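Observations on the model geometry
If you want the building blocks of each chain, they are given just below.
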Amino acid sequence: MNSNIFGNLETEDQQRLRFQIELEFVQCLANPNYLNFLAQRGFFKDTSFINYIKYLQYWKEPEYVKFLMYPMCLYFLDLLQYEHFRREIVNAQCSKFIDDQAVLLWQHYTRRRTKLLYPDGFPQPETVLQEQPQNPTVQQPS
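Residues numbered from 1 in each chain as written. Predicted model: local features only at pLDDT ≥ 70, side-chain atom pairs only at ≥ 80, totals over all residues. Heavy atoms only, no water.

Here we come to the overall build of the protein. Assigned secondary structure in the protein consists of eight helices and two strands. Counting only residues that meet the buried cut, the protein has 23% of its 142 residues in that class. Of the contacts made within the protein by residues no fewer than 6 positions apart, 61% connect residues no fewer than 24 positions apart. For the protein, the accessible area works out to roughly 11,200 Å², and carbon and sulfur atoms hold 56% of it. (Helix = DSSP H or I, 4+ residues; strand = E, 2+ residues; numbered from the N terminus. Buried < 20%, exposed > 50% of the residue type's maximum accessible area, 1.4 Å probe, protein only. Contact = heavy atoms within 4.5 Å. Areas by Shrake-Rupley, 256 points an atom, 1.4 Å probe, with all protein chains shown as cover.)

Attention now goes to the nonpolar core. With 23 residues, the main nonpolar core has Leu29, Leu35, Phe44 and Trp59 as its most contacted residues. Counting only elements with at least two residues in this core, the list comes to α1 (12-28), α2 (32-40), α3 (47-55) and α5 (72-79). In terms of residue count, the dominant contributor to this core is α5 (four residues). In contact with leucine 35, other than residues within four places in its own chain, are Leu29, Phe44, Phe76, Leu80, Phe85 and Ile89. (Core = buried A, V, L, I, M, F, W, Y, C linked by side-chain atoms within 4.5 Å.)

Before going further, it helps to spend a moment on the packing of α2 against helix α7 (residues 92-117). Contact pair α2 / α7: the axes reach a minimum separation of 8 Å and the direction vectors enclose 165 degrees. As judged from the angle between their axes, α2 and α7 are roughly antiparallel. The handedness of the crossing between α2 and α7 is right-handed. Across the interface between the two elements, Pro32, Asn33 and Asn36 of α2 pack against Ala92, Ser95, Ile98 and Asp99 of α7. Split by residue class, the contact of α2 with α7 holds three nonpolar, three polar and one charged. (Axes fitted to C-alpha atoms, helices over the stretch in contact; angles between N-to-C directions. Parallel < 35°, antiparallel > 145°, perpendicular 65-115°, else oblique. Left-handed = near helix turned anticlockwise from the far one by under 90°. Nonpolar A, V, L, I, M, F, W, Y, C, P; charged D, E, K, R; others polar.)

This next bit is on α3. Of the positions making up α3, those classed as buried are Phe49, Ile50 and Ile53. For α3, the angular spread of buried residues about the axis comes to 100 degrees, placing them on one side. Away from the buried face of α3 by more than 90 degrees, exposed residues Thr47 and Ser48 are located. Check the buried side of α3 and you find it contacts α1, α2, α5 and α6 (83-88). (Arc of directions from axis to C-beta.)

This part takes up the confidence of the model for the protein. Per-chain confidence: the protein averages 83 in pLDDT, with 79% of residues scoring 70 or above. Highest mean pLDDT in the protein belongs to α3 (97); lowest belongs to strand β1 (residues 2-3) (52). (pLDDT = per-residue confidence, 0-100.)

For α5, the full list of buried residues reads Cys73, Leu74, Phe76 and Leu77. The buried residues of α5 all sit within an arc of 165 degrees when viewed along its axis, so they share a single face. Buried residues in α5 make contact with α1, α2, α3, α4 (62-65), α6 and α7.

What follows deals with the packing of aromatic side chains. Inspection of every chain in the model, using the stated rule, returns 16 aromatic pairs. Relative to tyrosine 34, the ring of phenylalanine 25 lies with its centre 6.3 Å away and its plane at 75 degrees, an arrangement referred to as edge-to-face. Ring centres 6.0 Å apart and planes at 85 degrees place the aromatic pair phenylalanine 25 and phenylalanine 49 in the edge-to-face group. Separated by 24 residues along the polypeptide, phenylalanine 25 in helix α1 and phenylalanine 49 in helix α3 bring together distant segments of the chain. (Phe/Tyr/Trp six-rings, centres within 6.5 Å; stacked < 30°, edge-to-face > 60°.)

Attention now goes to the side chain of arginine 86. Examined against the element boundaries, arginine 86 turns out to sit in helix α6. In this structure, arginine 86 is buried with no salt-bridge partner, the nearest side chain bearing the opposite charge being glutamate 83 at 4.9 Å. Polar contacts involving the side chain of arginine 86 include one to the main-chain carbonyl oxygen of leucine 80, which spans 2.7 Å. Those residues in contact with arginine 86 that lie beyond four places of it in its chain are Ala39, Phe44, Ile50, Leu80 and Gln81. (Lys, Arg positive; Asp, Glu negative; His and termini not counted. Salt bridge = Lys/Arg side-chain N within 4 Å of Asp/Glu carboxyl O. Polar contact = N/O pair within 3.5 Å; in protein donor to acceptor, adjacent residues only side chain to side chain.)

This is the structure in structure tokens:
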């Protein structure tokens, strides 16, 4: 059993469960509509919740960040440290704007990355098949 920052002892199962819950929650922060949902229900006015958001900053450490599938969540985790952002995200137009900008970023990023990876366009299936190394015949053991 290990001790967490609150001095409580947790079993390995409890630590695993807390890790999974916090991982899922942190990744949900990548969704501006979810942030708007939390703001409209007053979570960002609750001192305990704001302290929890501060506590979650540990997800930016290399040993934890490798588990994140949505790195945009770290950007919003940082923004949530600011009272001004917490006040503004309650506005549905604000969250819609942020969501639209994220979609545009991904569209642009994907198109740009594709151009970098395939400057002459996507390879044709015949070309890919011709470039594949021939499989050596597998010999069966005697």
